[in-house]
Amino acid sequence: MASGRLNGVLAHISHSAPTTITAMTTASKLPTFDELPKFKDFTGCAWEVWGKDDQLGTVNLLTEEVVKEAAKEIKTGKAIGLNWPVNFPSKPVFGRKGPEHEVKFLEGTGAVHDDHLHINTQSGTQWDGLKHFGLLHHGLFYQGTPASFFKTGKIDIVSPTDVDPELIKYGIHNWAQHGICGRGVLLDMVKFYTEKYGKLPYDPFTTHPIPLADILACAKAQGTTFRPADILILRVGFMQRYNGATQEERDGLAGKEETFAGIEQTEDMKRFLWDNHFAAVASDQPALESWPPAEGINHLHSTILGMWGMPIGEFFDLEALAKHAAETGRYTFFFSSWPLNVLGGVASPPNAAAYF
């Protein structure tokens, strides 16, 4: 995208906030949410916080020093995968293509197999990348990039030594080559609510906003505090609900309007996520936020991805993690994620794990 077009977009931003947005690399130097400028009807615009050419977003917070400090969380060597098998769900929501796995015997070899795997990178456990979701009614993505900038359809890249940087701009490969590694923090909302009410006060398969007050209360009950660059992970209940459902009920999710529990779309929630300077946020729900938003309310995806460049994780399988955390009383851990290195990719399975 020509710099003139980007400058034209950025000219619409109100710079009435007291902090001038410059290239900043550490959480201590970042503006608060209330210091961030507005963009039209959106508060908290972080475009160019890490420079006008940035393609990492809040993953910039995961510096070598942050990773080194987070590695101190590894005490026992216990490792827990956070990825649902790519086979699930067999009938994805949001109209996405179901996974297909084909194993082929190579004739004449005696004993050799290959397999072919065809998936929508957002049908199951995933990171939403910067090209996935933007400011819908403005047609803009991270850094104010117009939707028309991106090439769609089949992307052919033949030579590893001759790749057009504009073709792959804002792709998932940026996070894949950097890694999303640091201190993970689990907030087990399922455990919190179950201990408080005897059961979940909502159905994870229905629209229900999780209020910030409950998230803070959960953290307090766990004895959990946050550090800049933490990777926040919320267990809201989808996986538990799905595992306990009939196959008919599971398959039925793909045939109805999507409704899911998730975090509320409030200014206070945005302020909480930004001011704690989380490097990424994830949950076990199909959409991190309560879905769909109430009429007249902007999607939280637009702010988290489109305004901040913060990875959104969905469909994370947190059941084994929650069990271990409850048994040990440890809700922080070293978190490792290496997405697929797809040049210009929109999203990816996270290949994520927690290490205790």
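The rules behind the values
Residues numbered from 1 in each chain as written. Predicted model: local features only at pLDDT ≥ 70, side-chain atom pairs only at ≥ 80, totals over all residues. Heavy atoms only, no water. Helix = DSSP H or I, 4+ residues; strand = E, 2+ residues; numbered from the N terminus. Rg over C-alpha atoms; globule rule 2.2 N^0.38 Å. Buried < 20%, exposed > 50% of the residue type's maximum accessible area, 1.4 Å probe, protein only. Contact = heavy atoms within 4.5 Å. 1 Å grid on protein atoms, 1.4 Å probe; cavity = no way out; pocket = protein on both sides within 12 Å on 5 of 7 lines; lining within 4 Å. Points joined across faces, edges and corners; volume = space filled by probe spheres on them. Nonpolar A, V, L, I, M, F, W, Y, C, P; charged D, E, K, R; others polar. Core = buried A, V, L, I, M, F, W, Y, C linked by side-chain atoms within 4.5 Å. Salt bridge = Lys/Arg side-chain N within 4 Å of Asp/Glu carboxyl O. Pairing = 2+ DSSP bridges. Axes fitted to C-alpha atoms, helices over the stretch in contact; angles between N-to-C directions.

1. Some points on the overall build of the protein
Tallying secondary structure elements over the protein gives 10 helices and 17 strands in all. What you see for the protein is a C-alpha radius of gyration of 20 Å, in line with the 21 Å of a compact globule of 356 residues. Expressed as lengths along the three principal axes of its C-alpha atoms, the size of the protein is roughly 60 × 60 × 45 Å. Counting over 356 residues, the protein shows a buried share of 51%. Put simply, 79% of the contacts in the protein that link residues at least 6 apart link residues at least 24 apart.

2. As for empty space enclosed by the protein
Summed over all chains, the structure comprises one cavity of 30 Å³ or more. Approximately 30 Å³ is the volume attributed to the largest cavity. Considering the residues around the largest cavity, the lining is formed by P89, K91, V93, F238, Y242, L253 and F315. The class makeup of the residues in the lining of the largest cavity is six nonpolar, no polar and one charged.

3. Here's the deal with the nonpolar core
Residues L82, L273, W308 and F335 are the most contacted members of the largest nonpolar core, which totals 90 residues. Leaving out residues up to four positions away in the same chain, F335 has contacts with L82, W127, I180, C181, G182, G184, I231, I233, F316, A352 and A353.

4. Some details on the pattern of salt bridges
On inspection of all chains with the given rule, the structure shows 15 salt bridges. D230 is paired through a salt bridge with R183; the nearest N and O atoms lie 2.8 Å apart. Taken as a pair, D230 in the loop between helix 5 (212-222) and strand 11 (231-235) and R183 in strand 9 (residues 182-188) lie far apart in primary sequence, 47 residues in all. Its relative accessible area of 1% is what places D230 among the buried residues. E319 serves as the salt-bridge partner of R235, at 2.9 Å between the closest nitrogen and oxygen. A residue pair is termed long-range when its members are at least 10 positions apart, and R235 in strand 11 and E319 in helix 10 (residues 319-328) qualify at 84 residues. Here the salt bridges share partners, and the residues they tie into one network are E73, R183, D230 and R330.

5. Thoughts on the sheet that holds strand 16 (residues 347-348)
Taken together, the nine strands give an open sheet; going across it, the order is 3-17-15-9-11-13-14-6-16, and neighbouring strands pair in mixed fashion. Edge positions in the open sheet fall to strand 3 (79-81) and strand 16, since each of these has one partner strand only. Summarising the sheet, strand 9 and strand 15 (residues 332-337) pair through four bridges and their orientation is antiparallel. Considered in strand 15, the bridge of R183 is made with F334. Where helix 9 (residues 300-307) meets the sheet, its contacts fall on strand 6 (126-128), strand 13 (280-283) and strand 14 (312-314), and the angle it forms with strand 14 comes to roughly 130 degrees.

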